[in-house]
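Below, each chain spelled out in residue letters.
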Amino acid sequence: MSSPSEPPATAGSRAAGSPSVPTELVVLLDDDANPIGTADKATVHTTDTLLHLAFSCHVVDDEGHVLLTRRALDKRTWPGIWTNSFCGHPGPGEDPVEAIVRRAEQELGTRVDSIEPAVPDFRYRAVDDSGIVENEICPVFTARIRAEVNPRADEVCAHHWARPADVRTSVDATPFAFSPWLVAQVPRMELYSR
C-alpha cells in the first residue's frame, strides 16, 4: 500500500534490467469514503478485497438505447456475465469524469460526453462464485456515446444496445444473468424507469 499522493492512474515500476511496466493503482477507502492509500489493481481483488473507489457508467445513444456489455470469458470475476456499459477505477487524484472518458476509450474504444451522475452514493459488496470479492464505493454515471464501439476482447466479448425498459424487465426476470452491481443499480436509476 502506498500513500494517497501517488500520481494519477498509474505509477511506473522497473525491475533491474527490465522495461517499465505501468501499474494501475486504485484508491483505498475507509468506511466513511476517505482515501487511506492505494493498491495495485491487479492484486486488490481477492477473497478479502479492501474497500476501494470505482465507478460504473451506463452509455446511451441518441435514440435512447443503453449499451449492455458481456464481460470477457477470461475475466477474473464474473466472466461472461452481462453488465452495464463499463466500469473502472479513478486513479489517485483523478477526476471521475476524466476516468470515465479514459476508460471508455481503453475498454470500449469509443468516446463519451454529457457525463452525468445517476446514483452518486452507490456502494456494494458482492462475492463471485470463485470467492473473489468486489467491495466498492462506486458512483454511477450516465454518458452519451460519440463514436462507434470497438471493445477490447480482453474486456468485452459481446455488446448489445437495448431499450431501458427491456433492460429493467430482463434484470427483474433473470437477475442471475447480470452482474450484481447492475441488478442493484437499475432500480435506482431514472434511466430505467421511463
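Because the structure is predicted, anything quoted here is derived from the model rather than measured.

Draft legend 1. Expanded view of helix α2 (residues 96-108). With 13 residues, α2 extends 17 Å between its outermost C-alpha atoms, agreeing within 8% with the 18 Å of an ideal straight helix rising 1.5 Å per residue. Of the positions making up α2, those classed as buried are Ala99, Ile100, Arg102, Arg103, Ala104, Glu107 and Leu108. Here α2 starts with a cap whose side-chain oxygen sits 2.9 Å from the backbone nitrogen of Val97, and that cap is Asp95. Taken from the residues just after α2, Gly109 is the one with a positive phi, measuring 60°.

Draft legend 2. Seen up close, the UniProt feature "binding site: Mg(2+)" (unreviewed entry) in the protein. Per the UniProt record, "binding site: Mg(2+)" (unreviewed entry) is annotated on Glu107. Inspection of the secondary structure puts Glu107 in helix α2. Judged by relative accessible area, which is 7%, Glu107 ranks as buried. Apart from residues lying up to four places away in sequence, Glu107 is in contact with Ser85, Phe86, Cys87, Pro151, Arg152, Glu155 and Val156.

Draft legend 3. Representation of the side chain of Arg71. Looking at where Arg71 falls in the secondary structure, it is placed in strand β6 (residues 66-71). Lacking a salt bridge, the buried Arg71 has Glu134 as its closest oppositely charged neighbour, with an N-O distance of 5.1 Å. In this structure the side chain of Arg71 is engaged in a polar contact, spanning 2.8 Å, whose partner is the backbone oxygen of Thr77. Among the polar contacts made by the side chain of Arg71, one reaches the main-chain carbonyl oxygen of Trp78 at a distance of 3.2 Å.

Draft legend 4. Highlighting the pattern of salt bridges. Counted by the stated rule, this structure contains 13 salt bridges. A salt bridge links Arg102 to Glu94; the nearest nitrogen and oxygen atoms lie 2.9 Å apart. Accessibility classification places Arg102 together with Glu94 in one group, the buried group. For the salt bridge of Glu107 with Arg103, the shortest nitrogen-to-oxygen distance reads 3.2 Å.

Draft legend 5. How the structure looks around the packing of aromatic side chains. Overall, the coordinates contain four aromatic pairs when judged by the stated rule. Aromatic side chains Trp78 and Trp181 sit 5.4 Å apart centroid to centroid with 85° between the ring planes, which places their arrangement in the edge-to-face category. Residue Trp78 is located in the loop between β6 and β7 (82-83), and its partner Trp181 is located in helix α4 (residues 180-185); the two are separated by 103 residues in the primary sequence. The class for Trp78 is buried, based on a relative accessible area of 10%. Members of the aromatic cluster, joined through ring pairs, are Trp78, Phe122, Tyr124 and Trp181.

Draft legend 6. Seen up close, the UniProt feature "binding site: Mn(2+)" (unreviewed entry) in the protein. Within this structure's numbering, the places UniProt gives as "binding site: Mn(2+)" (unreviewed entry) are His45, His52, His89, Glu134 and Glu136. The greatest C-alpha distance among the annotated residues, which extend across 92 residues, is 12.3 Å, indicating that they converge on a single site. Among the annotated residues just listed, those lining the largest pocket are His45, His89, Glu134 and Glu136. For His52, a relative accessible area of 0% gives the class buried. What His52 contacts, discounting residues up to four positions off in sequence, is Val26, Val27, Leu28, Leu29, Val44, His45, His89, Asn135, Glu136 and Ile137. Only 3.3 Å separates the side chain of His52 from the side chain of His45, close enough to count as a polar contact. Examined against the element boundaries, Glu136 turns out to sit in strand β11 (residues 133-137). If near-sequence neighbours (up to four positions away) are discounted, Glu136 is found in contact with His45, Leu51, His52, Ala54, His89, Phe122, Arg123 and Tyr124.

Draft legend 7. Representation of the confidence of the model for the protein. Averaged over the protein, the pLDDT score is 90; the fraction of residues at 70 or greater is 89%. Contacts from residues 1-18, a stretch scored under 50 in pLDDT, to residues over four places away or in other chains number 41 contacts.

Draft legend 8. Molecular detail of the layout of surface pockets. Taken as a whole, the largest pocket spans an internal volume of roughly 570 Å³. Tallied by class, the residues present in the lining of the largest pocket amount to nine nonpolar, eight polar and 12 charged. For the second largest pocket, the lining is made up of 15 residues, of which Val60, Thr142, Glu190, Leu191 and Arg194 are closest to its centre. Residue assignment for the lining of the second largest pocket shows that the elements contributing at least two residues are β9 (112-119), β12 (140-145) and α3 (164-173). Counting residues per element, the lining of the second largest pocket draws most heavily on β9, which supplies four residues. Across the lining of the second largest pocket, the residue classes break down as eight nonpolar, three polar and four charged.

Rules used in this analysis
Residues numbered from 1 in each chain as written. Predicted model: local features only at pLDDT ≥ 70, side-chain atom pairs only at ≥ 80, totals over all residues. Heavy atoms only, no water. Helix = DSSP H or I, 4+ residues; strand = E, 2+ residues; numbered from the N terminus. Expected span 1.5 Å × (residues − 1). Buried < 20%, exposed > 50% of the residue type's maximum accessible area, 1.4 Å probe, protein only. Polar contact = N/O pair within 3.5 Å; in protein donor to acceptor, adjacent residues only side chain to side chain. UniProt positions renumbered as here; feature names shortened; annotations may be inferred. Contact = heavy atoms within 4.5 Å. Lys, Arg positive; Asp, Glu negative; His and termini not counted. Salt bridge = Lys/Arg side-chain N within 4 Å of Asp/Glu carboxyl O. Phe/Tyr/Trp six-rings, centres within 6.5 Å; stacked < 30°, edge-to-face > 60°. 1 Å grid on protein atoms, 1.4 Å probe; cavity = no way out; pocket = protein on both sides within 12 Å on 5 of 7 lines; lining within 4 Å. pLDDT = per-residue confidence, 0-100. Points joined across faces, edges and corners; volume = space filled by probe spheres on them. Nonpolar A, V, L, I, M, F, W, Y, C, P; charged D, E, K, R; others polar.

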